[in-house]
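These are the residues of each chain, in order.
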Amino acid sequence: MDMMNNSVSEFVLLGLTNTWELEIFFFCVFSLAYAVTVAGNLLIVVIITFDSLLYSTPMYFLLGNLSFLDMSISTITTPKMVTDFLRENKTISLWGCMAQMFFLHFLGGSEMTLLIVMAVDRYIAICKPLHYTSIMNRRVLVGSVLLSWVVGFVHTMSQMVFTITLPFCGPNIVDNIFCDLPLVLKLACTETYVLELLVIADSGLLSFICFTLLLISYTVILVTVQHQSSGGLSKALSTLSAHITVVTLFFGPCIFIYTWPFSSFSGDKFLSVFYSVITPLLNPIIYTLRNQEMKAAMSRLRTQHIRSRQAF
């Protein structure tokens, strides 16, 4: 059915609260969080792009793409959520809702794949250091990033191609901070049981399987290093701690939201906040404040900037 024939032209997002004082508080908190998220992730992208040493390093090339995805995911949801805190009618158009779900699954699927690529990169760097540069060459890196985008596109299209044809003619209230696919499906004026199963299989199981594979890969790395060198374990733990933290923060909410998507779990919207706001905010903190190479790159760029200004 053509979406233009639907009687529902917009959806109402209930958000986090109806209390005016709390809405003002959340407006201030999430506005600041979004500003820090964009600034932090953009800083990572800029540093890696303009620092030749980091740009030529596979791990940081992948990290730059991860920061871009995190910044984009937050941008899809947070600005709308923040402005809704100041609005009495928290609505989103039908097409706006579909676009939001499309890009959330597109970027989310891409990030899942990219995190797996980063895990493979760490395995090769730690367990096969002599072959690292030959295996993780520029062609492989670019191909891996393009593959992550292709996987994300296929992931979102496999669900959205059916969702946009659904008729919406009745209730239009979404009890969340953004248009969440499982909740929107419940509002369709037709039977969506098969499509609901598809969402569980496509999003829930994909999140769970990717998360499990990542944990297994990191375990294999640690076991391999432990057998190779007694001193290498602590170094590997230091290197992998940031990656494991990011993986846990990213996949945790996804698994809860999409493995049990049609339950009445009251914490869904708070998990959504964690996924779309908190995780992108923590990533630049984890990868910059704890990373000496990033700090050194910032220092080099700062020195180059000062010298260029003095030259003029």
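Computed from a predicted model, the values in this text were never measured in an experiment.

Cut-offs applied
- Residues numbered from 1 in each chain as written.
- Predicted model: local features only at pLDDT ≥ 70, side-chain atom pairs only at ≥ 80, totals over all residues.
- Heavy atoms only, no water.
- Axes fitted to C-alpha atoms, helices over the stretch in contact; angles between N-to-C directions.
- Helix = DSSP H or I, 4+ residues; strand = E, 2+ residues; numbered from the N terminus.
- Left-handed = near helix turned anticlockwise from the far one by under 90°.
- Nonpolar A, V, L, I, M, F, W, Y, C, P; charged D, E, K, R; others polar.
- 1 Å grid on protein atoms, 1.4 Å probe; cavity = no way out; pocket = protein on both sides within 12 Å on 5 of 7 lines; lining within 4 Å.
- Points joined across faces, edges and corners; volume = space filled by probe spheres on them.
- UniProt positions renumbered as here; feature names shortened; annotations may be inferred.
- Pairing = 2+ DSSP bridges.
- Contact = heavy atoms within 4.5 Å.
- Disulfide = S-S within 2.5 Å.
- Buried < 20%, exposed > 50% of the residue type's maximum accessible area, 1.4 Å probe, protein only.

Engineer: Hey, could you run me through the packing of helix α4 (residues 94-127) against helix α6 (residues 138-163) in this one?
Structural biologist: Two packed helices can be described by the angle between their axes and the distance between those axes. For the pair α4 and α6, the least separation of the axes is 7 Å and the interaxial angle reads 145 degrees. Along this stretch, α4 crosses α6, giving a crossing that reads as right-handed. Residues of the contact of α4 with α6, tallied by class, amount to 13 nonpolar, eleven polar and no charged.

Engineer: Which parts of the structure should I look at to understand empty space enclosed by the protein?
Structural biologist: Where empty space is left becomes clear once a probe the size of a water molecule has been rolled over the atoms. Inspection of every chain in the model, using the stated rule, returns two cavities of 30 Å³ or more. Here the second largest cavity defines a volume of roughly 50 Å³. For the second largest cavity, the full set of lining residues is L13, G15, L16, M81, D84, F85, K90, N176 and I177. Of the residues that constitute the lining of the second largest cavity, the class distribution is five nonpolar, two polar and two charged.

Engineer: I'm lost on the UniProt feature "transmembrane region" (unreviewed entry) in the protein chain in this one. Help?
Structural biologist: Residues annotated in UniProt with the feature "transmembrane region" (unreviewed entry) correspond here to residues 24-48, 60-78, 98-120, 140-158, 205-225, 237-258 and 270-289. Along residues 24-48 one finds 100% helix and 0% strand; the C-alpha atoms at either end are 36 Å apart. Its end C-alpha atoms 33 Å apart, residues 98-120 is made of 100% helix and 0% strand.

Engineer: Can you help me understand the sheet that holds strand β1 (residues 10-13) in this one?
Structural biologist: Two strands in a sheet stick together by hydrogen bonds in their backbones, pointing the same way (parallel) or opposite ways (antiparallel). Taken in spatial order, the three strands of this open sheet run β2-β1-β3, and their pairing is mixed. At either end of the open sheet lies a strand with only one pairing partner, and these are β2 (91-93) and β3 (173-174). Relative to β3, β1 runs parallel, the two being bridged by two bridges. By the bridge assignment, V12 is partnered in β3 with I173. This element, α4, spans β1 and β2 of the sheet and lies at about 85 degrees to β2.

Engineer: Help me understand the state of the cysteines, please; the structure alone is not making it clear to me.
Structural biologist: In protein chemistry, a disulfide is the covalent bond that joins the sulfur atoms of two cysteines. In this structure the tally under the stated criterion is two disulfides. There is a disulfide in this structure between C97 and C179, and the S-S distance comes to 2.1 Å. Every disulfide takes its handedness from the sign of the S-S torsion; for C97 and C179 that torsion is -125 degrees, giving left-handed. Note that C97 is positioned in helix α4 and C179 in the loop between β3 and α7 (181-185), a separation of 82 residues in sequence. The same class applies to C97 and to C179, which are both buried. Across the disulfide from C169 sits C189; the S-S distance is 2.2 Å. Of the two residues, C169 is situated in the loop between α6 and β3 and C189 in the loop between α7 and α8 (193-228); the sequence distance between them amounts to 20 residues.

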